[in-house]
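# Observations on the three-dimensional arrangement
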Amino acid sequence: FPVTIYQFLWPNTVSLNSDSGRIGVLFGLLFISLMSIRFLDLKNRSPLLAKGLLLFSILAGMVILLSKVVMLDHLRGVFLSASLLVIFMVVLVASIILLRRRYKPAKYYLLAWTPLLFALIIGSLKNLGLIGVNPITIYITHFGLAFYSLSFCLAIAQKVRWTEEQKLEAEQTLRRRIELED
């Protein structure tokens, strides 16, 4: 990257220019993991999967931070793409598992994430050199992100609706119990 790109963000630290990509991926991994754990309620519905996802994200984050010192540039890119690929696959599997357990928000979560994950998997495979570079592999991430944005709005709306239904059901159950005690 040219030095002038980040001159207004951190003018006295030119080395952060090359580290900003790594830092962005690190925060992206952590965000995807934490958001998935929270949205899919993995702590309650699949604690082992929640712990595994969080642990892998933290380990991948540590390796990403240490990659500047330990790895060559080529290996760093391979590890970043492989880490993203694993996280995406775990999120996809988690949403499928919860969908099979009839957790309603997982349906919309899966609908929102699948195109984006597919696009990011294709992008990671392209970065790893496992598939060729062409206009589709170059721009598929943009289309996946656009579809994700629209679909995730529906997923959030469904999650809010489902949470309200659960809250209402719990209130009605509590009222019935109180009426039976009186």
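Residues numbered from 1 in each chain as written. Predicted model: local features only at pLDDT ≥ 70, side-chain atom pairs only at ≥ 80, totals over all residues. Heavy atoms only, no water.

### Concerning the overall build of the chain
Note the threshold: Helix and strand definitions here come from DSSP, where helices need a minimum of 4 consecutive H or I residues and strands a minimum of 2 consecutive E residues; each element is numbered from the N-terminal end. Type-normalised accessible area, obtained with a 1.4 Å probe on protein chains alone, sets the label of each residue: buried when under 20%, exposed when over 50%, and partly exposed for intermediate values. By definition in these notes, contact holds between two residues if any of their heavy atoms fall within 4.5 Å.
Scanning the chain for helices and strands turns up six helices and zero strands. Along the chain, helices (α) and strands (β) appear in the sequence α-α-α-α-α-α when read from the amino end. Taking all 182 residues of the chain together, the buried fraction comes to 34%. In the chain, the share of contacts with a sequence separation of at least 24, taken over all contacts with a separation of at least 6, comes to 65%.

### Describing the nonpolar core
For clarity, the threshold we go by: We call a set of buried residues a nonpolar core when its members are Ala, Val, Leu, Ile, Met, Phe, Trp, Tyr or Cys and they connect through side-chain atoms within 4.5 Å of each other.
Among the nonpolar cores identified, the biggest contains 35 residues, and Leu 40, Leu 42, Val 91, Tyr 109, Trp 113 and Phe 152 are the most heavily contacted of them. Those residues in contact with Leu 42 that sit more than four places away from it in its chain are Ser 36, Ile 37, Pro 47, Leu 49, Ala 50, Leu 53, Ala 94 and Leu 98.

### A word on the side chain of Ser 151
With respect to the secondary-structure elements, Ser 151 resides in helix α6 (residues 135–181). Owing to a relative accessible area of 5%, Ser 151 belongs among the buried residues under this scheme.

### Remarks on unusual backbone geometry
In this structure, Asp 41 is a non-glycine residue whose phi angle is positive, near 55°. Locating Asp 41 in the fold gives a position in the loop between α1 (16–39) and α2 (42–45). With a phi close to 65°, Arg 102 is a non-glycine residue in the positive phi region. Structurally, Arg 102 is set in the loop between α4 (73–100) and α5 (104–127). Residue classification places Arg 102 among the exposed residues on the basis of a relative accessible area of 75%.

### Here we look at α6
Our working rule: Expected span of a helix: the number of residues minus one, times 1.5 Å. Bend, in this description, refers to the angle at a residue between axes fitted to the seven residues ending there and the seven starting there. Pairs of N or O atoms are called polar contacts if they sit within 3.5 Å, as long as, within protein, a hydrogen donor faces a hydrogen acceptor (for residues adjacent in sequence, only side-chain-to-side-chain pairs).
Given a rise of 1.5 Å per residue, 47 residues ought to cover 69 Å, and the 68 Å separating the end C-alpha atoms of α6 matches this to within 8%. Of all the bends found along α6, the most pronounced is centred on Thr 141 and spans about 30°. Restricting attention to buried positions, one finds in α6 the residues Thr 137, Ile 140, Gly 144, Tyr 148, Ser 151, Phe 152, Ala 155, Gln 158, Lys 159 and Trp 162. Of the residues flanking the start of α6, the one acting as N-cap is Asn 134, its side-chain oxygen 2.9 Å from the backbone nitrogen of Ile 136.

### Concerning the packing of aromatic side chains
To be explicit about the condition: Between rings of Phe, Tyr and Trp, where Trp is taken as its six-membered ring, a pair exists when centres lie within 6.5 Å; planes separated by under 30 degrees are stacked, by over 60 edge-to-face, and by other angles tilted. Counting as a charge over the ring demands two things of the Lys NZ or Arg CZ atom: a distance within 6 Å of the ring centre and an angle within 35 degrees of the ring normal.
On inspection of all chains with the given rule, the structure shows seven aromatic pairs. Their ring planes at 55° and their centres at 5.0 Å tell us that Trp 113 and Tyr 148 sit as a pair that is tilted. One end of the pair, Trp 113, is in helix α5; the other, Tyr 148, is in helix α6, and 35 residues separate them in sequence. Exposure class is identical for Trp 113 and Tyr 148. Each is buried. When the ring of Tyr 148 is compared with that of Phe 152, the centres are 5.2 Å apart and the planes differ by 25°; the resulting orientation is stacked. Of the two residues, Tyr 148 and Phe 152 are both situated in helix α6; the distance of four residues between them amounts to about one turn of the helix. No difference in accessibility class separates Tyr 148 from Phe 152, as the two residues are buried. An aromatic cluster is present here, built from Phe 39, Tyr 109, Trp 113, Tyr 148 and Phe 152 joined pairwise through their rings. Between Lys 159 and the ring centre of Phe 39, over which it is positioned, the NZ or CZ distance is 5.5 Å.

### Brief notes about the environment of Arg 101
Along the chain, Arg 101 turns up in the loop between α4 and α5. Using a relative accessible area of 49% as the deciding quantity, one classes Arg 101 as partly exposed. As for Arg 101 and Arg 45, which are separated by 56 residues in sequence, their C-alpha atoms are 9.2 Å apart. Those residues in contact with Arg 101, other than ones at most four positions away along the chain, are Arg 45 and Ser 46.

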